[in-house]
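Reading the structure
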Amino acid sequence: MLSVIIPAYNEEGNILELNKKLTNTLKDLDYELIYIDDGSNDSTLEKINLIYNKDTDHIKYISFSRNFGKEAAIYAGLEKSNGDYICIIDSDLQQNPKYIISMLDYLKKNNSTDQIAMVMKDRKKESLFNRFFKKIFYKLINKLSDINLVDGASDFRMFRKNIKDAVLNLSEKNRFSKGIFSWIGFNTEYMYYTVEKRYSGKTKFNKKEQFKYAIEGITNYSIKPINLSIIIGSIISFLALLYIIITIFQVLINGKDVPGYASLLVVTLFLGGLQLIFIGIIGNYIGKTYLETKQRPIYIEKETKGFDNEIL
Ligand code: UDP
Ligand code: MG
């Protein structure tokens, strides 16, 4: 069986069209569609209920008590899925369902491949700023952490049950799916796809969100930024030591008066700034530890339908 996981947050204009396309594409297969309403405040849930009532054989859904984020929605979908093959797809029709068939065919033919990740082709539509920012992010994260992320690889992917079990085993609360799917290992192949225009509605990830996502990605998989403070601190201390020696010599041997409150101010401000940055970095990791130790659930469900143990 094939399980398709579909996270949806305020996608009322997309659900019906997406479901039509998915149902058409998958009609000859044994499949289930798992919709996750991620605490939408529009009529997404009503739309999902509508399609559920028409096709209870294939459709299942979970509705969250509030917006927990796409990562939480993916986790919930994985937990509830029963398939031997599992696929994650966005609900805005940017990712054409036809690729599900290509991924499935590939996995069925190639036993040694455990997962296929779809990589965006044709990025020209993205702004120069975006492409530049993403390039730096991928360079940084691949250098600083044990994981290897491919620029343009999305959450649009299909994998076998062994990957699902491994991902569910990583029950951390602060989830960065792209990293998790790489960290667990296994054999991943990449396939290209052309991103389509959003069918309806707006993207949920603005610049600020993307920046936050990038920082999270790096700090979730690497503690090297903390070590950076040791290295930079050592270099500065060494330079300061040299400067002290030079000053002492100038005063003692040349009898020169050492000028300068401007230089004093610059150095103090520079070091003060540096110290604050590193306190911030360390604080970020402590904050993460604090949030993880609370052991809160990744999501809270309000309503589920179509699964064996239903909450009514
Ligand atoms: N999404 C979600 N929860 C969120 C934000 C987004 O489930 O808090 C879903 C959204 O409904 C969509 C997918 O994640 O199906 C990708 O979101 P979007 O299209 O806004 O991102 P983009 O394609 O612009 O990266
Ligand atoms: Mg989208």
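Overview of the structure.

A few words now on the overall build of the chain. Per the secondary structure count, the chain includes 10 helices and eight strands. Over its C-alpha trace the chain gives a radius of gyration of 25 Å, far above what one expects of a compact globule, namely 20 Å for 312 residues. Viewed in the frame of its principal axes, the chain has a C-alpha envelope of about 95 × 40 × 35 Å. For the chain, the residues scored as buried account for 41% of the 312 residues in total. If you take every contact in the chain between residues at least 6 apart in sequence, the share linking residues at least 24 apart comes to 82%. For the chain, the accessible area works out to roughly 17,700 Å², and carbon and sulfur atoms hold 60% of it.

In this section: the coordination of the magnesium ion (ligand 2). Around a metal, the idealised angle for a tetrahedral arrangement of four donor atoms is 109.5 degrees; for an octahedral arrangement of six donor atoms it is 90 or 180 degrees. Every protein donor of the magnesium ion (ligand 2) is accounted for by Asp92 (OD) and Gln94 (OE1), and the metal-donor separations fall at 1.9 Å. Taking the relative accessible area as the measure of exposure, aspartate 92 reaches 4% and is therefore buried. Glutamine 94 sits in the partly exposed class, given a relative accessible area of 24%.

Residue position: asparagine 49 is located in helix α2 (residues 44–54). According to the relative accessible area criterion, asparagine 49 is buried, its value standing at 19%. A distance of 3.1 Å separates polar atoms of two side chains, one belonging to asparagine 49 and the other to tyrosine 61. Excluding its chain neighbours within four sequence positions, the residues that come into contact with asparagine 49 are Tyr61, Glu303 and Lys305.

Further remarks concern the site of ligand 1. With respect to spatial proximity, 16 residues lie near ligand 1, and among them Glu11, Asp38, Asp92, Thr203 and Lys204 are the closest. One of the side-chain nitrogen or oxygen atoms of glutamate 11 is found 2.5 Å away from an oxygen atom of ligand 1. For ligand 1, a nitrogen atom lies 2.6 Å from a polar atom in the side chain of aspartate 38. Against a free-state accessible area of 530 Å², the protein chains account for coverage of 85% of ligand 1. The class makeup of the residues in the shell around ligand 1 is four nonpolar, five polar and seven charged.

The rules behind the values
- Residues numbered from 1 in each chain as written.
- Chains lettered and ligands numbered in written order.
- Predicted model: local features only at pLDDT ≥ 70, side-chain atom pairs only at ≥ 80, totals over all residues.
- Heavy atoms only, no water.
- Helix = DSSP H or I, 4+ residues; strand = E, 2+ residues; numbered from the N terminus.
- Rg over C-alpha atoms; globule rule 2.2 N^0.38 Å.
- Buried < 20%, exposed > 50% of the residue type's maximum accessible area, 1.4 Å probe, protein only.
- Contact = heavy atoms within 4.5 Å.
- Areas by Shrake-Rupley, 256 points an atom, 1.4 Å probe, with all protein chains shown as cover.
- Donors = N, O, S within 2.8 Å, 3.2 Å for Na, K, Ca; no water.
- Polar contact = N/O pair within 3.5 Å; in protein donor to acceptor, adjacent residues only side chain to side chain.
- Near = heavy atom within 4 Å.
- Nonpolar A, V, L, I, M, F, W, Y, C, P; charged D, E, K, R; others polar.

Just geometry here; none of it tells us what the structure is for.
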